[in-house]
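One-letter residues, chain by chain:
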Amino acid sequence: MSDDAEILRLQTISKIFDGYVMLILVGIGTVGNLLNIFVFIRLKMLRQMPTSIFMITSFIGSLTLFWSSRFPRCILNITGIDLLVGSIFYCKVRWLLGRWSLNMPFTCICLASIDRFLNTSRNVRYHHFFTLKRAYIIVIIFSLAYLIIFIPDAIYYSGYSCTALAKDRAIYKDFVAYFNLIATNILSMIILGIFSLLTWYNLCYGTSVGRNRLQQQVNRMMMVEFAMAFIATLPNFIYNIYAQATQSTVKSQLRLTQESLWSTVSATINFTIHIGTFYVYMVVSPAYRRNVRTALWLEKQNHVMPHKTQLRTVTTGQTIVKTSARFCS
């Protein structure tokens, strides 16, 4: 097989992933994230938890990513029609909110991992470090920071063709590449990995102040999501490091096409963190399945919400329970 034929074959596979596969995932993810938002807002016991503020923001960020960035790209690969051309407003939204939504969901997952670590700590004072007010403030600060950081792209990309001059954007392009590598990939994965392990240690080997079963179910849901996010991000993380390390290397057209396919497939795998949360919650948490039925059928919440766990009092006056062994199995 000649190089030209191989290049054409790889480009076709890449377009299938970036077009049809992604479009299906956008549809599945939209349904899942809308249901997550509805359930987390509808049920009082969920919306009163600081973790829920981070997760709802993550769901909103994922929806924004779907429709501001991924959907027009899917249409472009399937039909050849660029939805950004001819619409200055959509062009600005894509490059501003598209960048924001690429970073904000994973940031919120990292914040949720920190909250779960504090919530499972032996020290009762740590349980109340994240209040609803603080969670709102933190989310607003990160949102504004990302919007400010990515405003230049909304300025550079302009006109009815929604293009940017390479010479005008050269410095900022390098900044974005390193920002995505360091902040979005390396730093986020380190934070998520460390606090997920610390939470797992608290659940398996520590003692924690008695929490109701809803908290235990949320811990289980979050731990599975943290693991999924870490694994799904890893291929894209490796590719980004490789791309930065070899950016000065002279490459053949075939190698560039192979790397483009690698980038597309790893991005598709990474995309599952924006799609799969609702379905993961449904699989791992019987309580969440009941809560979904409660929200959808508008039943009374106390019919399905978990009861408080029984507590035992020790001589110190603190109430503690041993963590269930199912978190360690």
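That block above? That's the structure.
Chemist: Run through the layout of surface pockets, naming residues and quoting values.
Modeler: Sizing a probe to match a water molecule and rolling it over the atoms shows the empty space that remains. A volume near 1400 Å³ is recorded for the largest pocket. In terms of lining, the largest pocket is formed by 40 residues, of which the most central are Arg99, Leu102, Asn180, Asn240 and Ser263. Elements that contribute at least two residues to the lining of the largest pocket include exactly α3 (50-79), α4 (88-119), α7 (166-205), α8 (213-245) and α9 (253-275). Residues of the lining of the largest pocket, tallied by class, amount to 14 nonpolar, 16 polar and ten charged.

Chemist: Describe α4, listing the residues and the values that go with them.
Modeler: Under the 1.5 Å per step criterion, the end-to-end length of α4 is 45 Å for 32 residues, consistent within 8% with the ideal 46 Å. If you look at α4, its biggest bend is around 25°, right at Leu97. α4 sits mainly inside the fold: 25 of its 32 residues count as buried.

Chemist: Explain the nonpolar core residue by residue, including any values.
Modeler: Among the nonpolar cores identified, the biggest contains 58 residues, and Phe54, Met222, Phe271, Tyr281 and Tyr288 are the most heavily contacted of them. Here this core gets eleven residues from one element, more than from any other, and that element is α4. Once residues within four sequence positions are removed from consideration, Tyr288 is found in contact with Asn36, Val39, Phe40, Leu46, Met221, Phe278, Tyr281 and Met282. Core analysis: the next-biggest nonpolar cluster, separate from the first, contains five residues, Cys91, Trp95, Tyr157 and Cys162 among them.

Chemist: Tell me about the packing of aromatic side chains, and please be specific about residues and values.
Modeler: For the structure on display, the rule yields 21 aromatic pairs. With a centroid separation of 6.3 Å and 40° between ring planes, the pair formed by Phe40 and Tyr281 is classed as tilted. Taken as a pair, Phe40 in helix α1 (residues 3-42) and Tyr281 in helix α10 (residues 277-284) lie far apart in primary sequence, 241 residues in all. Aromatic pair Phe150 and Phe179: ring centres 5.7 Å apart, planes at 85°, arrangement edge-to-face. With Phe150 in helix α6 (residues 132-156) and Phe179 in helix α7, this residue pair connects regions lying 29 residues apart in the sequence. Note on Phe150: relative accessible area 0%, which makes it buried. A cation over an aromatic ring shows up here: Arg94 above the ring of Trp95, its NZ or CZ 4.0 Å from the ring centre.

Chemist: Mind laying out the pattern of salt bridges, listing which residues take part and the relevant values?
Modeler: The full count for this structure, using the stated rule, is eight salt bridges. Note that Asp18 is salt-bridged to Arg73, the shortest N-O span being 2.8 Å. Here Arg73 lies in helix α3 and Asp18 lies in helix α1, a separation of 55 residues in the sequence. A residue is classified by how much of its surface remains accessible, and Arg73, at 39% relative accessible area, is partly exposed. One network of salt bridges, in which partners are shared, links Asp18, Arg70 and Arg73.

Chemist: Requested: an account of the packing of α1 against helix α11 (residues 286-296), with residues and values cited.
Modeler: Taken N-terminus to C-terminus, the directions of α1 and α11 make an angle of 85°; their axes are 9 Å apart at the nearest point. Viewed along their axes, α1 and α11 adopt a mutual orientation that is roughly perpendicular. Contact residues: α1 offers Leu35, Asn36, Phe38, Val39, Phe40 and Arg42, while α11 offers Tyr288, Asn291, Val292, Ala295 and Leu296. Partitioned by chemical class, the residues of the contact of α1 with α11 number eight nonpolar, two polar and one charged.

Chemist: Account for the state of the cysteines, naming residues and giving values.
Modeler: Taken as a whole and judged by the stated rule, the model has one disulfide. Disulfide pairing is shown between Cys91 and Cys162; the S-S distance is 2.0 Å. Across the disulfide from Cys91 to Cys162, rotation about the S-S bond amounts to roughly 85°, and the bridge is consequently right-handed. Taken together, the positions of Cys91 in helix α4 and Cys162 in the loop between α6 and α7 put the pair 71 residues apart, joining distant regions of the chain. The burial state of Cys91 is the same as that of Cys162; both residues are buried. With no disulfide partner, Cys108 has as its closest neighbouring cysteine sulfur the one in Cys110, 9.2 Å distant.

Rules of the game
- In this numbering scheme, every chain counts its residues from 1 along its sequence in written order.
- With the structure being a predicted model, the display of local features is reserved for residues of pLDDT at least 70 and the display and counting of side-chain atom pairs for 80 or more, all residues being used for whole-chain, interface and lining totals.
- Remark: hydrogens and water are excluded; side-chain values derive from all non-hydrogen atoms of the structure.
- Method remark: on a 1 Å grid restricted to protein atoms, a set of points is classed as a cavity if a 1.4 Å probe fits but cannot get out and as a pocket if it is open with protein on both sides within 12 Å along at least five of seven lines; lining residues have an atom within 4 Å of a point.
- Grid points are joined across faces, edges and corners, and a volume is the space filled by probe spheres set on the points.
- Segments assigned H or I by DSSP are reported as helices when at least four residues long, segments assigned E as strands when at least two residues long, and all are numbered from the N terminus.
- Each residue receives one of three labels: charged for Asp, Glu, Lys and Arg, nonpolar for Ala, Val, Leu, Ile, Met, Phe, Trp, Tyr, Cys and Pro, and polar for the others, Gly being one of them.
- Multiplying one less than the number of residues by 1.5 Å gives the expected span of a helix.
- Bending is quantified residue by residue as the angle between axes fitted to the seven-residue window ending at that residue and the seven-residue window starting at it.
- Note on exposure labels: buried denotes an accessible area under 20% of the residue type's maximum, exposed denotes more than 50%, and partly exposed covers the range between, all computed with a 1.4 Å probe on protein chains only.
- Among the buried residues, those of types Ala, Val, Leu, Ile, Met, Phe, Trp, Tyr and Cys that are joined through side-chain atoms within 4.5 Å form a nonpolar core.
- Every residue pair with non-hydrogen atoms within 4.5 Å of one another is taken to be in contact.
- Classification of ring pairs uses Phe, Tyr and Trp, with its six-membered ring standing for Trp, and accepts pairs whose centres are within 6.5 Å; under 30 degrees between planes counts as stacked, over 60 as edge-to-face, and the remaining range as tilted.
- We call a charge positioned above a ring when the Lys NZ or Arg CZ atom is no farther than 6 Å from the ring centre and deviates by at most 35 degrees from the ring normal.
- Put simply, a salt bridge is a Lys or Arg side-chain nitrogen that is within 4 Å of an Asp or Glu carboxyl oxygen.
- Lines fitted to C-alpha atoms define the axes, with helix axes restricted to the stretch in contact, and inter-axis angles between N-to-C directions lie between 0 and 180 degrees.
- Roughly parallel means an angle under 35 degrees; roughly antiparallel, over 145; roughly perpendicular, 65 to 115; everything else is oblique.
- Any pair of cysteine sulfurs within 2.5 Å is marked as a disulfide.

Purely spatial values, then, with no claim about function.
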